[in-house]
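# Descriptive analysis of the structure
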Amino acid sequence: MIVDDSNSYSLLVSIVPHDSGDFIVESARKAGASGGSIVMGRGTASNSVLQLLGFGDSSKDIVYIIVNKKDENNIFESIKSAAQEKKNHFGVIFSVDVGLFMRSGNIQPVAAKEIIRGENNMENSYQMINIIVNKGYAEDAMAAARKAGANGGTIIGARGTAKEDDAKFFGMKIVPEKDMLMILAPEDKKEDIINAITSLPCFAEAGSGIIFCNRADKFTLLGKK
C-alpha cells in the first residue's frame with residue numbers, strides 16, 4: 001500500500017434520517033466537497049431520550065465525506081447551517097482523522113484534540129466504536145453496550161470478502177453476511193463498553209468479531225437549535 005502524506009484529510013460522518021443523505025452531500029458540495037458515499041443503516045434507540053442523539057428505531061442514512069483538512073471547517077459549517085432548516089435533533093455529524101481511521105486495529109489511547117465548543121456542540125470527547133460481527137450478533141452487542149452506558153447505535157448490513165486462504169491464515173471461519181455496529185459514546189465510557197461486548201459468550205470463539213475505535217471530533221447535533 002502506498003500512503004500519500006502530501007495532504008491531510010478528515011472523514012466527515014453524518015447520521016441522518018433515510019433519504020436525507022443526498023441533502024447532506026449537496027450541502028457539502030456547495031462548500032467545496034467533491035462528493036460522498038451514502039449507506040443505509042438502522043437505529044437501535046429504545047426510548048425518546050435516545051432520540052436526542054439521533055439514533056431512533058428507524059432507517060438511517062450514514063454519509064461519509066472525505067475532505068482536505070484545510071476545507072474541513074467550511075464544509076462542516078455548511079452542513080450544520082443547512083441542517084438548521086430541518087427538525088430539531090435531525091441527526092449528528094462528527095469528523096474522524098483519516099490517518100487514525102486507516103489504522104483501524106489500534107485502540108490504544110490517543111491524545112484528544114480540543115473539541116470545538118458551541119451552542120449546539122457536545123463538550124465531551126467522543127469515540128466512535130465500530131464492531132463488525134457475524135450477522136445476528138449486533139443486537140447482542142448493542143444490549144451489552146447499553147448495560148455499560150451506551151445510549152444507542154446504528155447497525156449497517158455488510159458482507160465479508162475473505163478468501164479461503166485468508167480464513168486459514170487468520171484462523172477465522174468465512175461467514176459472508178456481517179453486521180457493522182457503530183456506537184458513539186463519551187470517551188470515559190469506551191473501555192466499559194468494549195469490555196462488556198468482548199465478554200459476551202458469542203465472542204468467545206476466535207474470529208467471531210472485530211472491534212476498533214476512532215476519536216470523533218466536533219461531535220455536533222444537526223437540526224434546529
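For the structure, check the block above.
The text that follows walks through the structure, step by step, so that each part is easy to find. All figures in this text were calculated on a predicted structure; none of them were measured in a lab.

What counts and what doesn't
- Throughout, residues of each chain are indexed from 1 in the direction in which the sequence is written.
- Given that the model is predicted, a residue must reach a pLDDT of at least 70 before its local features are reported, and side-chain atom pairs must reach 80 or more before they are shown or counted; all residues, however, enter totals for whole chains, interfaces and linings.
- Calculation of side-chain values draws on the structure's entire complement of heavy atoms; hydrogens and water are dropped beforehand.
- Buried means the residue's accessible area, taken with a 1.4 Å probe over protein chains only, is under 20% of the maximum for its type, while exposed means over 50%, and partly exposed covers the values in between.
- Here a strand is any run of E in DSSP of at least two residues, a helix any run of H or I of at least four, and the numbering for each starts at the N terminus.
- Pairing between strands requires that DSSP locate at least two bridges from one strand to the other.
- Axis geometry follows a simple rule: fit a line to the C-alpha atoms, using only the stretch in contact for helices, then measure angles between N-to-C directions, giving values from 0 to 180 degrees.
- Throughout, the term roughly parallel applies to angles under 35 degrees, roughly antiparallel to angles over 145, roughly perpendicular to angles from 65 to 115, and oblique to all others.
- With the far helix as reference, a near helix turned anticlockwise by less than a right angle produces a left-handed crossing, and one turned clockwise produces a right-handed crossing.
- Two residues form a contact once any of their heavy atoms are found within 4.5 Å.
- Polarity classes work like this: nonpolar for Ala, Val, Leu, Ile, Met, Phe, Trp, Tyr, Cys and Pro, charged for Asp, Glu, Lys and Arg, and polar for all others, with Gly in that last group.
- Between rings of Phe, Tyr and Trp, where Trp is taken as its six-membered ring, a pair exists when centres lie within 6.5 Å; planes separated by under 30 degrees are stacked, by over 60 edge-to-face, and by other angles tilted.
- Two thresholds decide whether a charge sits over a ring: the Lys NZ or Arg CZ must be within 6 Å of the ring centre and within 35 degrees of the ring normal.
- Take the buried Ala, Val, Leu, Ile, Met, Phe, Trp, Tyr and Cys residues and link them wherever side-chain atoms come within 4.5 Å; each set so joined is a nonpolar core.
- Polar contacts here mean pairs of N or O atoms no more than 3.5 Å apart (in protein, one a potential hydrogen donor and the other a potential acceptor; neighbouring residues in sequence count only if both atoms are side-chain atoms).

Let us look at the pairing of strand E3 (residues 59-68). In terms of burial, E3 is a largely internal element, 8 of the 10 residues being buried. Looking at chain direction, strand E1 (residues 9-17) and E3 are connected through 9 bridges and run antiparallel. Bridge pairing links Tyr9 to Asn68 in E3. In this sheet, E3 lies alongside strand E2 (residues 37-43) in antiparallel orientation, the contact comprising 6 bridges. Residue pairing for E3: Ser37 is matched across the bridge by Tyr64.

With that out of the way, let us pick up the packing of helix H1 (residues 21-29) against helix H2 (residues 69-82). Following both chains from N to C, one finds H1 and H2 inclined at 130 degrees, their axes separated by 8 Å at the closest point. It follows from the interaxial angle that H1 and H2 lie oblique. For the element pair H1 and H2, the recorded crossing hand is right-handed. Contact residues: H1 offers Phe23, Ile24, Ser27 and Ala28, while H2 offers Ile75, Ser78, Ile79 and Ala82. Its residues placed into classes, the contact of H1 with H2 shows 6 nonpolar, 2 polar and no charged.

Moving on to the packing of helix H4 (residues 138-147) against helix H6 (residues 190-198). In the contact formed by H4 and H6, the axes pass within 8 Å of each other and the chain directions differ by 135 degrees. Considered as vectors, H4 and H6 are oriented oblique to each other. The way H4 lies across H6 gives a crossing that is right-handed. Across from Ala141, Ala144 and Ala145 in H4, the residues of H6 making contact are Ile193, Ala196 and Ile197. When its residues are assigned to classes, the contact of H4 with H6 shows 6 nonpolar, no polar and no charged.

Phi is positive for Asp19, close to 75 degrees, though the residue is something other than glycine. Take Asp19: it is sitting in the loop between E1 and H1. On the accessibility criterion, Asp19 (64% relative accessible area) is exposed. Unlike most non-glycine residues, Lys218 shows phi in positive territory, near 55 degrees. Assignment of secondary structure puts Lys218 in strand E8 (residues 209-222).

Of note, Asp192 is situated in helix H6. For Asp192 and Ala144, which are 48 residues apart along the polypeptide, the C-alpha to C-alpha distance reads 10.0 Å.

A complete count under the given rule lists 2 aromatic pairs for this structure. A centroid spacing of 4.3 Å and a plane angle of 20 degrees characterise the contact between Tyr126 and Phe219, whose relative ring orientation is stacked. Taken together, the residues span a long stretch of sequence, with Tyr126 in strand E5 (residues 126-134) and Phe219 in strand E8 at a distance of 93 residues. Tyr126 sits in the buried class, given a relative accessible area of 8%. In this structure, Lys86 is placed above the aromatic ring of Phe23, and the distance from its NZ or CZ to the ring centre is 4.4 Å.

Glancing now at the nonpolar core. By size, the foremost hydrophobic cluster in this structure holds 22 residues, and its most contacted members are Ile129, Ile131, Ala145, Leu181, Ile183, Ile193 and Ile197. Of all the secondary structure elements, the ones that give two or more residues to this core are E5, H4, strand E7 (177-186), H6 and E8. For this core, the element with the highest residue contribution is H4, accounting for 5 residues. In contact with Ala145, not counting residues within four places along its chain, are Ala150, Ile183, Ile193 and Ile197. In terms of nonpolar packing, the next biggest core, distinct from the first, is built from 19 residues, Leu11, Met182, Leu184 and Leu221 among them.

Glancing now at the side chain of Asp97. Considering the arrangement of structural elements, one finds Asp97 in strand E4 (residues 91-97). Since its relative accessible area comes to 18%, Asp97 is described here as buried. Separated by 3.5 Å, the side chains of Asp97 and Lys69 make a polar contact.

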